[in-house]
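Chain by chain, the residues run as shown.
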Amino acid sequence: MFTGIIEELGRVREFERRGEDARIVIEARIVTEGSRDGDSISVNGVCLTALDVKPDSFTADVSKETLFRSTLGNLKQGSPVNLERAVTPMTRLGGHIVQGHVDARGTFLGSENHGDSWTFRFAYPTEIERYLVLKGPVAVDGISLTIANLTEEYFEIAVIPKTLELTNFAQLKPGDEMNLEADVIAKYVERMLAERAAGSSAGS
């Protein structure tokens, strides 16, 4: 589990295709501190198992399914990536509960500068529309964000200078794909309501 508070902007050192899977080596210095082989690290919002952890890098294997569901297959040498270590019992939950399980891919549409902040706009697919709520949480490439405006085609979020500094948002170009993860609590509520409705129908 993660909080969506990015700890470090890493970079891809190597990206190697291995059949339908892939292996990536990521340059990092903060998330490798205290991490061991087998620990979970979020890479652009995708929970990966860290291997060969060194002071300045770690390696991760990426399965065919993960490459299909996420944008990790678009990475190349030098690509910036948002990194976060998994939470511990002592971690402050500064963002929201993020599992590192991508629900869908979104598309960056553009941004507007307001002086000391920016508005970023992302298109999203219809399958996650029911989980998005105005002023509710959403994770974009692993970043915990609050939806400031919501339409049937896109949502907007406010970005402060610190977020722009610590994440890959500064490098975004219109048309770039992003990993989206909806709030897990909304998914649980949906499941419970569905089961309750099914139970009521069976008993009637």
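Quick caveat: nothing in here was measured; it's all calculated off a predicted structure. (Residues numbered from 1 in each chain as written. Predicted model: local features only at pLDDT ≥ 70, side-chain atom pairs only at ≥ 80, totals over all residues. Heavy atoms only, no water.)

Here we take up the packing of aromatic side chains. How two aromatic rings sit relative to each other is set out by the distance from centre to centre and by the angle between their planes. Under the criterion given, the structure shown has seven aromatic pairs. The interplanar angle of 35° and the centroid separation of 5.7 Å between the aromatic rings of Phe122 and Phe155 together place this pair among those described as tilted. With a gap of 33 residues between them, Phe122 in strand 9 (residues 118–123) and Phe155 in strand 12 (residues 154–159) connect regions that are remote in the sequence. Take Phe122 and Phe155: they sit in the same class, and that class is buried. Site record: aromatic cluster; members linked through ring pairs are Phe108, Phe120, Phe122, Tyr124, Phe155 and Phe169. Over the ring of Tyr154 we find Arg121, and its NZ or CZ is 4.1 Å from the ring centre. (Phe/Tyr/Trp six-rings, centres within 6.5 Å; stacked < 30°, edge-to-face > 60°. Helix = DSSP H or I, 4+ residues; strand = E, 2+ residues; numbered from the N terminus. Buried < 20%, exposed > 50% of the residue type's maximum accessible area, 1.4 Å probe, protein only. Lys NZ or Arg CZ within 6 Å of the ring centre and 35° of its normal.)

What follows covers the environment of Val184. Along the chain, Val184 turns up in helix 3 (residues 184–203). When the C-alpha positions of Val184 and His101 are compared, they lie 9.8 Å apart, and in sequence the two are 83 residues distant.

Attention now moves to the sheet that holds strand 4 (residues 46–49). The sheet built from seven strands is open, its strands ordered 4-3-7-1-2-6-5 with antiparallel pairing. Whereas interior strands pair on both sides, the edge strands pair on one side only; in this sheet they are strand 4 and strand 5 (51–54). The mean inter-strand angle of the sheet, taken between neighbouring strand axes irrespective of direction, is 35°. With four bridges joining them, strand 3 (residues 40–43) and strand 4 adopt antiparallel strand pairing. Each bridged residue has a counterpart across the sheet, and for Val43 the counterpart in strand 4 is Val46. (Pairing = 2+ DSSP bridges. Axes fitted to C-alpha atoms, helices over the stretch in contact; angles between N-to-C directions.)

Turning to the side chain of Glu84, a few remarks are in order. Structurally, Glu84 can be placed in strand 7 (residues 80–85). Within the buried core, Glu84 has no salt-bridge partner, and the shortest N-O distance to an opposite charge, that of Arg85, equals 8.3 Å. In this structure the side chain of Glu84 is engaged in a polar contact, spanning 3.0 Å, whose partner is the backbone nitrogen of Gly4. Look past the residues within four positions of Glu84 in its chain and what remains in contact with it is Phe2, Thr3, Gly4, Ile5, Glu7, Val31, Ile41, Ser42 and Gly142. (Lys, Arg positive; Asp, Glu negative; His and termini not counted. Salt bridge = Lys/Arg side-chain N within 4 Å of Asp/Glu carboxyl O. Polar contact = N/O pair within 3.5 Å; in protein donor to acceptor, adjacent residues only side chain to side chain. Contact = heavy atoms within 4.5 Å.)

Taken together, the side chains of Ile185, Tyr188, Val189, Met192 and Leu193 make up a nonpolar region of the molecular surface, amounting to roughly 520 Å² of accessible area. Position of Met192 relative to the elements: it lies in helix 3. Residue Met192 is classed as exposed on the basis of its relative accessible area of 52%. (Patch = residues over 30% accessible without salt bridge, like charges linked within 9 Å, V, L, I, M, F, W, Y side chains within 5 Å. Areas by Shrake-Rupley, 256 points an atom, 1.4 Å probe, with all protein chains shown as cover.)

Here the focus is the nonpolar core. One recurring pattern in soluble globular proteins is that nonpolar side chains are buried together. Phe120, Phe122, Val140, Phe155, Ile157 and Phe169 are the most contacted members of the largest nonpolar core, which has 24 residues in total. For this core, the secondary-structure elements that each account for two or more residues are strand 8 (104–113), strand 9, strand 10 (137–140), strand 11 (143–150), strand 12 and strand 13 (177–182). Setting aside its immediate chain neighbours within four residues, Ile157 contacts Trp118, Thr119, Phe120, Phe122, Leu145, Thr146, Ile147, Ala148 and Phe169. With 20 residues, the next largest nonpolar core counts Ala22, Ile24, Ile26 and Leu75 among its residues. (Core = buried A, V, L, I, M, F, W, Y, C linked by side-chain atoms within 4.5 Å.)

Glancing now at unusual backbone geometry. Residue Lys135 is not a glycine yet carries a positive backbone phi of 70°. Residue Lys135 is classed as exposed on the basis of its relative accessible area of 61%. Non-glycine residue Asp141 carries a positive phi angle of around 50°. Within the secondary structure, Asp141 sits in the loop between strand 10 and strand 11. Here Asp141 falls in the buried class, since its relative accessible area comes to 2%.

Attention shifts here to the pattern of salt bridges. Under the counting rule described, the total for this entry stands at 15 salt bridges. We note a salt bridge from Lys64 to Glu20, for which the minimum N-O separation is 3.5 Å. Here Glu20 lies in the loop between strand 1 (8–18) and strand 2 (21–27) and Lys64 lies in helix 1 (residues 64–69), a separation of 44 residues in the sequence. Its relative accessible area of 47% is what places Lys64 among the partly exposed residues. With relative accessibility at 54%, the residue Glu20 sits in the exposed group. Between Lys54 and Asp52 there is a salt bridge, with the nearest N and O atoms lying 3.8 Å from each other. Asp52 gets classed as partly exposed once you look at its relative accessible area, which sits at 40%.

That is the geometry; function is a separate question.
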